[in-house]
Amino acid sequence: MTAVNHFTYGLLTPLLAYVMSCIGSMLGLRLTAQAHASRGGSRVRWLLGAAISIGGTGIWVMHFIAMMGFQVEGTQIKYDVWLTAASALVAIVVVGTGLFLVSYGGGRILALLGGGLLTGLGVASMHYLGMYAMNMSAHVAYDRLTVAASVAIAVVAATVALWFTLRVKKPIWITLAALVMGVAVSGMHYTGMYAMRVTVDSEPGMVSGADALDFLVPLMTVISLITLTMLLMVILSPSEEELHEDAELVAKLELRRRAAQQQQQLTYPAPAAPMPQPRRPMQARRR
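Residues numbered from 1 in each chain as written. Predicted model: local features only at pLDDT ≥ 70, side-chain atom pairs only at ≥ 80, totals over all residues. Heavy atoms only, no water.

Caption draft 1: Spatial organisation of the overall build of the chain. Within the chain, the secondary structure is distributed over eight helices and six strands. Listing each helix as α and each strand as β along the chain from the N terminus yields β-α-α-β-β-α-α-β-β-α-α-β-α-α. Burial analysis of the chain (287 residues in total) assigns 41% to the buried set. Taking contacts inside the chain between residues at least 6 apart in sequence as the whole, the part at least 24 apart equals 89%. When the accessible area of the chain is evaluated, it comes to approximately 17,000 Å², of which 66% is carbon and sulfur surface. (Helix = DSSP H or I, 4+ residues; strand = E, 2+ residues; numbered from the N terminus. Buried < 20%, exposed > 50% of the residue type's maximum accessible area, 1.4 Å probe, protein only. Contact = heavy atoms within 4.5 Å. Areas by Shrake-Rupley, 256 points an atom, 1.4 Å probe, with all protein chains shown as cover.)

Structure follows, in structure tokens:
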């Protein structure tokens, strides 16, 4: 057994990871609220944006910011580029699948539970795939009970998050829900990391892969820029309440127009059609 340090930079990485998780969750909830107020292709686009926000920023970026503080004494840690990129894709896809199931499931409990189970298992898969992408000169094992606990946390957190997407609409509740989601995602991450058992090789060798700063920081920067872009889209788009108010105003104007038209018809009735004149009998021709 060797020394494993999850907080190499102190509280910097866990706090920054939690903040990014909250930001991604908050934006994702705001996008789902926008999706519920939309129809057709617009609704699909908002849900895709929510999947990128929650899965990409709220979960994947949080995971690898936290991993920046992870070190193992006696070995270098590098990352498999393709497995790490695949873990980001898994996070976005499973969150998107859960959002679509719940959004188009009409709020049914089976859709919520099924989406929560699928999303939770997917998030746990993303987490352990990201950990598997770490290359080090060491043997890695996992405590099965702690792994099961982390998966259970992921499923419960995913189900609660999907429930939030159906119920939470107002900014204050979206903020509080995002704070709760950040705690759940961070708790799942560090529970899974605590399950690791690392034994450094007696004769450490060369470690293949890329350094974290070589590709994780650029990739996280790209995802963060996409998140900021979607944030601007949300800010510039009308909220669900504003859309509802606009619809009520249009309905009131239409009622007033119809009432004015009916009043005009009563005040100025249409002229009566002229009475048909009786036809005169044709006189017989004179011979």
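Caption draft 2: Local environment of the packing of helix H2 (residues 40-68) against helix H4 (residues 109-132). Where H2 meets H4, the axes come as close as 11 Å, and the angle between the chain directions of the two elements is 30°. It follows from the interaxial angle that H2 and H4 lie roughly parallel. Pair H2 / H4 crosses with right-handed handedness. Taking contact as the criterion, the partners of Ile59, Trp60, His63 and Phe64 in H2 are, on H4, Val123, Met126, His127, Gly130 and Met131. Tallied by class, residues from the contact of H2 with H4 come to six nonpolar, three polar and no charged. (Axes fitted to C-alpha atoms, helices over the stretch in contact; angles between N-to-C directions. Parallel < 35°, antiparallel > 145°, perpendicular 65-115°, else oblique. Left-handed = near helix turned anticlockwise from the far one by under 90°. Nonpolar A, V, L, I, M, F, W, Y, C, P; charged D, E, K, R; others polar.)

Caption draft 3: Representation of the nonpolar core. Trp60, Phe70, Met134 and Met136 are the most contacted members of the largest nonpolar core, which totals 59 residues. Put simply, the parts of the chain that give this core at least two residues each are helix H1 (12-36), H2, helix H3 (81-103), H4, helix H5 (144-167), helix H6 (171-194), strand E6 (196-200) and helix H7 (212-236). At 14 residues, the largest contribution of residues to this core is made by H2. Beyond its immediate sequence surroundings of up to four residues, Met136 is in contact with Phe70, Val72, Thr75, Gln76, Ile77, Val198 and Val207. (Core = buried A, V, L, I, M, F, W, Y, C linked by side-chain atoms within 4.5 Å.)

Caption draft 4: A nonpolar patch on the surface, seen in detail. There is a patch of nonpolar side chains on the surface, built from Ile172, Trp173, Leu176 and Leu179 and spanning about 400 Å² of accessible area. The topology assignment puts Ile172 in helix H6. The exposure class of Ile172 is exposed, given its relative accessible area of 52%. (Patch = residues over 30% accessible without salt bridge, like charges linked within 9 Å, V, L, I, M, F, W, Y side chains within 5 Å. Salt bridge = Lys/Arg side-chain N within 4 Å of Asp/Glu carboxyl O.)

Caption draft 5: Looking closely at the packing of aromatic side chains. Per the counting criterion, the structure on display carries six aromatic pairs. With a centroid separation of 5.5 Å and 25° between ring planes, the pair formed by Phe7 and Tyr190 is classed as stacked. In this pair, Phe7 is assigned in the loop between strand E1 (4-5) and H1 and Tyr190 in helix H6, connecting sequence segments 183 residues apart. When the ring of Tyr128 is compared with that of Tyr142, the centres are 5.7 Å apart and the planes differ by 85°; the resulting orientation is edge-to-face. Of this pair, Tyr128 sits in helix H4 while Tyr142 sits in strand E5 (residues 138-142), placing them 14 residues apart in sequence. (Phe/Tyr/Trp six-rings, centres within 6.5 Å; stacked < 30°, edge-to-face > 60°.)

Caption draft 6: Quick peek at the side chain of Ser53. In this fold, Ser53 is placed in helix H2. With residues near it in sequence (within four places) discarded, Ser53 still touches Gly24, Leu27, Gly28, Leu31, Gly58 and Met230.

Caption draft 7: Examining the side chain of Arg43 more closely. Within the secondary structure layout, Arg43 lies in helix H2. Residue classification places Arg43 among the buried positions, given a relative accessible area of 14%.

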